[in-house]
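Residue strings, one per chain:
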Number of protein chains: 2
Amino acid sequence: MSDTVKYLLDETRIPKFWYNIAADLPSPPPPVLHPGTMQPVGPADLAPLFPMALIEQEVSTEREIMIPGPVRDIYRQWRPSPLFRARRLEKALDTPARIYYKYEGVSPAGSHKPNTAVAQAFYNREAGIKRIATETGAGQWGSSLAFAGALFGIEVDVYMVRVSYDQKPYRRALMETYGARCVASPSTETHAGRAILEKNPRHPGSLGIAISEAVEIAASRDDTNYALGSVLNHVLLHQTVIGQEAIAQFDMANDYPDVIVGCTGGGSNFAGIAFPFLGAQLRGGKKVRFVAVEPAACPSLTRGKYAYDFGDTAHLTPLTKMHTLGSTFTPPGFHAGGLRYHGMAPLVSHIKELGLIEAVAYHQIQCFEAGVQFARAEGILPAPEANHAVRGAIDEALKCKREGVSRSILFNLCGHGHFDMQAYIDYFGGKLTDQTYDESELAMALAGLPSVKAA
Amino acid sequence: MSDTVKYLLDETRIPKFWYNIAADLPSPPPPVLHPGTMQPVGPADLAPLFPMALIEQEVSTEREIMIPGPVRDIYRQWRPSPLFRARRLEKALDTPARIYYKYEGVSPAGSHKPNTAVAQAFYNREAGIKRIATETGAGQWGSSLAFAGALFGIEVDVYMVRVSYDQKPYRRALMETYGARCVASPSTETHAGRAILEKNPRHPGSLGIAISEAVEIAASRDDTNYALGSVLNHVLLHQTVIGQEAIAQFDMANDYPDVIVGCTGGGSNFAGIAFPFLGAQLRGGKKVRFVAVEPAACPSLTRGKYAYDFGDTAHLTPLTKMHTLGSTFTPPGFHAGGLRYHGMAPLVSHIKELGLIEAVAYHQIQCFEAGVQFARAEGILPAPEANHAVRGAIDEALKCKREGVSRSILFNLCGHGHFDMQAYIDYFGGKLTDQTYDESELAMALAGLPSVKAA
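This text gives an overview of the structure that appears in the document. Since we're looking at a predicted model, the values are computed, not measured. (Residues numbered from 1 in each chain as written. Chains lettered and ligands numbered in written order. Predicted model: local features only at pLDDT ≥ 70, side-chain atom pairs only at ≥ 80, totals over all residues. Heavy atoms only, no water.)

This brings us to the sheet that holds strand β7 (residues 155-161) of chain B. Residues and elements named next belong to chain B. A sheet is described by the order of its strands in space; here four strands give the open sequence β8-β7-β6-β9, paired in parallel fashion. The sheet is open, and its two edges are formed by β8 (181-185) and β9 (224-226), each paired on a single side. The average undirected angle you get between the axes of adjacent strands in this sheet is 25°. When strand β6 (residues 131-136) meets β7, the two strands line up parallel, connected through six bridges. Residue Ala133 lies in a different strand from β7, and its bridge partner there is Asp157. (Pairing = 2+ DSSP bridges. Helix = DSSP H or I, 4+ residues; strand = E, 2+ residues; numbered from the N terminus. Axes fitted to C-alpha atoms, helices over the stretch in contact; angles between N-to-C directions.)

What follows is the structure, given as structure tokens:
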């Protein structure tokens, strides 16, 4: 019996289309509302921020959206990404479960984020855009857009949450190596940033604030657009290459997942692996359990309210109906910075409301335990965000062991942790704590949700 | 025309044999000498340090040495590694050259080192060994052996050069995540270490000292062996999977290299890519130019003496004939820690003496310039060591441009730089200097070479 089982597709098998789950949902998600009028937004409202091709994808109900040749060509550098059977981990757990993981850390930037960064940079270049402003927390998104910008000759300005900017100089250096400009947020470059700094010159920043800054810059300059690394429909759409490849790889393995696990911050890597399987199920295919794993310190799906809310702190973005902790909620500073967002992708929220997926929340120490166990068995060191998916998958495998049944478990290993080693040092040094939020702060943030009449 | 050209072999094409260049050399390299008797060493002399299977490989003249099934099985996690045509870099350089790179950073530990670490851990486990002691500089080798040890259930003790131990906590954390024990060298755990610390309690350490410590530990414990990450014949042998795959990939590309470039510290990644092509040439195949690129601050091939010398500082190792700067030579603290070794692999030294390869030395700033240019074009961030190969390849491509000829250039991108970001920060911050050694110190180190009568 072999220890290494890798399912590798040749590059002709890179998907030719992105899969749009909107075509298969039993009901459409609620409309996105304009923050001024509270009426559904139209393409013109979004035009200052995004190229029209992406706006069209945002509202499309076509099942398949063709991947442009130049995007697919760049995907070929690392796609199709490998699907592994984690036999060494199965042995370590002594479980009858069949554990598979799709590994997105093979991309140059080290995560699934380039799947959409490359697409977004391409459409922006086609639209004649010279510069893209964006935000980043832990830095996976910022470095992916920096990479994509370098390929298409687009300047990239990254507003990086100040606490991460200070704590993660190496992630910043990666963005700068790709040629991007990285600014600590809140910054003095925007009204939104200056207003916050006036009240607190040492504000640690948040994703919501960094989004406000990037949106403000993009809205005020003709040659500059905005790009978001998760949450929006078109971002989730681009990630569906992951699940489509996984379906073909499970064909090779002569197997099919019983459970699919992904971590959720904004929702894009989870959607990327889950939606193609969920679409097949909605069209009459095999039923799969989908488990979204989120941080217990920022639990939008398990503790948030399904309501209309802003995507940012300064309330410059449209309102979307989603599971939210409130745009004023500040999650504690745990290490999976990519999961520290108050809201959840509207599409993921909608399918959660439809009862099509489950959600579970874990504290960080148990996630790092899982990540270290995985690294010792499989050799790959996961990002702190990905450790949540590893924890979820291991717990499903241990349940199989207790029940004495062999189920097929697939999880998305969305990125490596090479730029997150301080988190592992803290873990080994016993300095990691299971932070939690203040219940009264959450209650206040939820009470402050914008009041929206039924649209 | 496509931007991404990737030559990917399926896993049935992982080499079944390691290629042993000793079978094809016009003359054998000089014998290895016992440090006490100055007579050629026999297998029994090496038995306290290495399992017999590796000792046999060290002296074998068989052309093909079978790769054991369990080793090949683990290779399958990341091998065959991809060969890329660097079209985006070619465009950026506006060169008629055809630039190819073999990318070894796809291994879990991020470099070519697992090719031999996995083999060495396997043979040690077969021999019943419970623990392996080794040294590491920048940490690529230490983390690779830590990874391999985790797979085979072998404890790994890594003596890490103190200056790197202090400067690179993240690399250390990676080794610890794999379960290895990492000790700053010189340490109080060995006679060699204590002797040095008595003279200088704040000694920054060196590879030569760390080797002395690991060898001492291995020689004094029955259940513990030693492992070296470069220099020795069997280590170079294991790396030949790189070049063998590249030959098959050039077949796919309908091309053949005119020039092959690799960086050289101990010589193993260079040998890995070069020897299979050189062997083909020695057996009547096409002539290739082989260019070894070394750091100007530690230039064993270009400034060293071809002479018998010790591999370590405390003179516990056998004597090998090699290009050496003298075992007392302390190279300045430049960033490519993996290239800071006073000697060169005896096999690489021998073929250099035979006139089969060229060598060139570069200072580090021009290497980082090349690395950043490469990262912006190809998206992959090279290790500081690999930047030397990138520089060499770019210079060959620029020569093609000046001469108006299209040559095929292959280089080995031996690892990524995710754990070396401080070097990039220093580069961008203008803090990098082109350090050089003291000529009188080099002269003294060379004058102190052991006197060895013709064996």
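That shown, we press on.
All names here are of chain B. With respect to the helices and strands, Pro169 occurs in helix α8 (residues 169-177). For Pro169, a relative accessible area of 27% corresponds to the partly exposed category. Between the C-alpha atoms of Pro169 and Phe368, which are 199 residues apart in sequence, the distance is 22 Å. (Buried < 20%, exposed > 50% of the residue type's maximum accessible area, 1.4 Å probe, protein only.)

So, about the interface of chain A and chain B. Listed per partner, the contact involves 43 residues of chain A and 43 residues of chain B. When the buried area of chain A at its contact with chain B is split by residue, A:Gln77, A:Tyr170 and A:Thr177 rank highest and sum to 19% of it. At the boundary of chain A and chain B, one finds zero salt bridges. Where chain A packs against chain B, one counts 23 residue pairs in polar contact (both at pLDDT 80 or more). Top contributing element to the side of chain A that touches chain B by residue count: helix α8 (residues 169-177) of chain A, with six residues. Tallied by class, the residues present in the side of chain A that touches chain B amount to 24 nonpolar, nine polar and ten charged. (Contact = heavy atoms within 4.5 Å. Buried area = accessible area lost by both parts, 1.4 Å probe. Salt bridge = Lys/Arg side-chain N within 4 Å of Asp/Glu carboxyl O. Polar contact = N/O pair within 3.5 Å; in protein donor to acceptor, adjacent residues only side chain to side chain. Nonpolar A, V, L, I, M, F, W, Y, C, P; charged D, E, K, R; others polar.)

Before going further, it helps to examine the relation of the copies chain A and chain B. Between the two copies, chain A and chain B, the superposition gives an RMSD of 0.0 Å; the rotation angle is 180° and the shift along the axis is 0.0 Å. Such a combination of rotation and displacement between the chain copies is what one expects of a two-fold axis. Minimal C-alpha separation from the rotation axis in chain A is found for A:His418, amounting to 3.0 Å. (Least-squares fit on C-alpha atoms with pLDDT ≥ 70 in both.)

Turning our attention to helix α17 (residues 384-403) of chain A. For α17(A), which comprises 20 residues, the first-to-last C-alpha distance of 29 Å matches the rise-based estimate of 28 Å (1.5 Å per residue) to within 8%. With 14 of 20 residues buried, α17(A) is to be regarded as a mostly interior element. (Expected span 1.5 Å × (residues − 1).)

A few words now on the environment of B:Ser187. Residue and element names in this part refer to chain B. For Ser187, the location among the structural elements is in the loop between β8 and α9 (191-199). In sequence terms Ser187 and Tyr159 are 28 residues apart; their C-alpha atoms lie 8.1 Å from each other. Once residues lying within four places of it in the same chain are set aside, the contact partners of Ser187 are Tyr159, Gly193, Arg194, Leu197 and Glu213.

All names here are of chain B. Counted residue by residue, β6 has six buried out of six residues, so it is predominantly covered. Across the two faces of β6 the burial is the same, with Arg131, Ala133 and Glu135 and Ile132, Thr134 and Thr136 all buried. One crossover worth recording links β6 to the parallel β7 by way of helix α6 (residues 140-152), and it is right-handed. Where β6 meets β9, three bridges bridge the pair, whose relative direction is parallel. From the neighbouring strand, Ala133 faces β9, where its bridge partner is Tyr226. (Right-handed = clockwise from strand over helix to strand, strands pointing away.)

For the coordinates displayed, the defined rule picks out 46 salt bridges over all chains. Across the pair A:Glu189 and A:Arg181 runs a salt bridge, and its minimum N-O distance is 2.9 Å. Of the residues examined, A:Arg181 reaches a relative accessible area of 36% and is grouped as partly exposed. Notably, a salt bridge pairs B:Arg303 with B:Glu439, separated by 3.2 Å at the nearest N-O pair. Of this pair, B:Arg303 sits in helix α13 (residues 300-303) while B:Glu439 sits in helix α18 (residues 439-447); the two residues are 136 residues apart in sequence, bridging distant segments of the chain. On the basis of relative accessible area, B:Arg303 is assigned to the partly exposed category, the value being 39%. When its relative accessible area of 45% is taken as the criterion, B:Glu439 is described as partly exposed.

Looking now at the nonpolar core. Membership of the largest hydrophobic core comes to 162 residues, with the highest contact counts inside it found for A:Trp18, A:Phe275, A:Val348, B:Trp18, B:Phe275 and B:Val348. Leaving out residues up to four positions away in the same chain, A:Val348 has contacts with A:Leu236, A:Gly267, A:Phe270, A:Ala271, A:Phe275, A:Leu301 and A:Ile357. (Core = buried A, V, L, I, M, F, W, Y, C linked by side-chain atoms within 4.5 Å.)

With that out of the way, let us pick up the packing of helix α11 (residues 233-253) of chain B against helix α12 (residues 268-282) of chain B. Residues and elements named next belong to chain B. α12 packs onto α11 with a crossing angle of 50° between their chain directions and a minimal axis gap of 6 Å. Classed by the angle they form, the pair α11 and α12 counts as oblique. By crossing handedness, the relation of α11 to α12 is classed as right-handed. Of the residues in α12, those in contact with Val235, Leu236, Gln239, Thr240, Ile242, Gly243, Gln244, Ala246, Ile247 and Phe250 of α11 are Ser268, Ala271, Gly272, Ile273, Phe275, Pro276 and Phe277. (Parallel < 35°, antiparallel > 145°, perpendicular 65-115°, else oblique. Left-handed = near helix turned anticlockwise from the far one by under 90°.)

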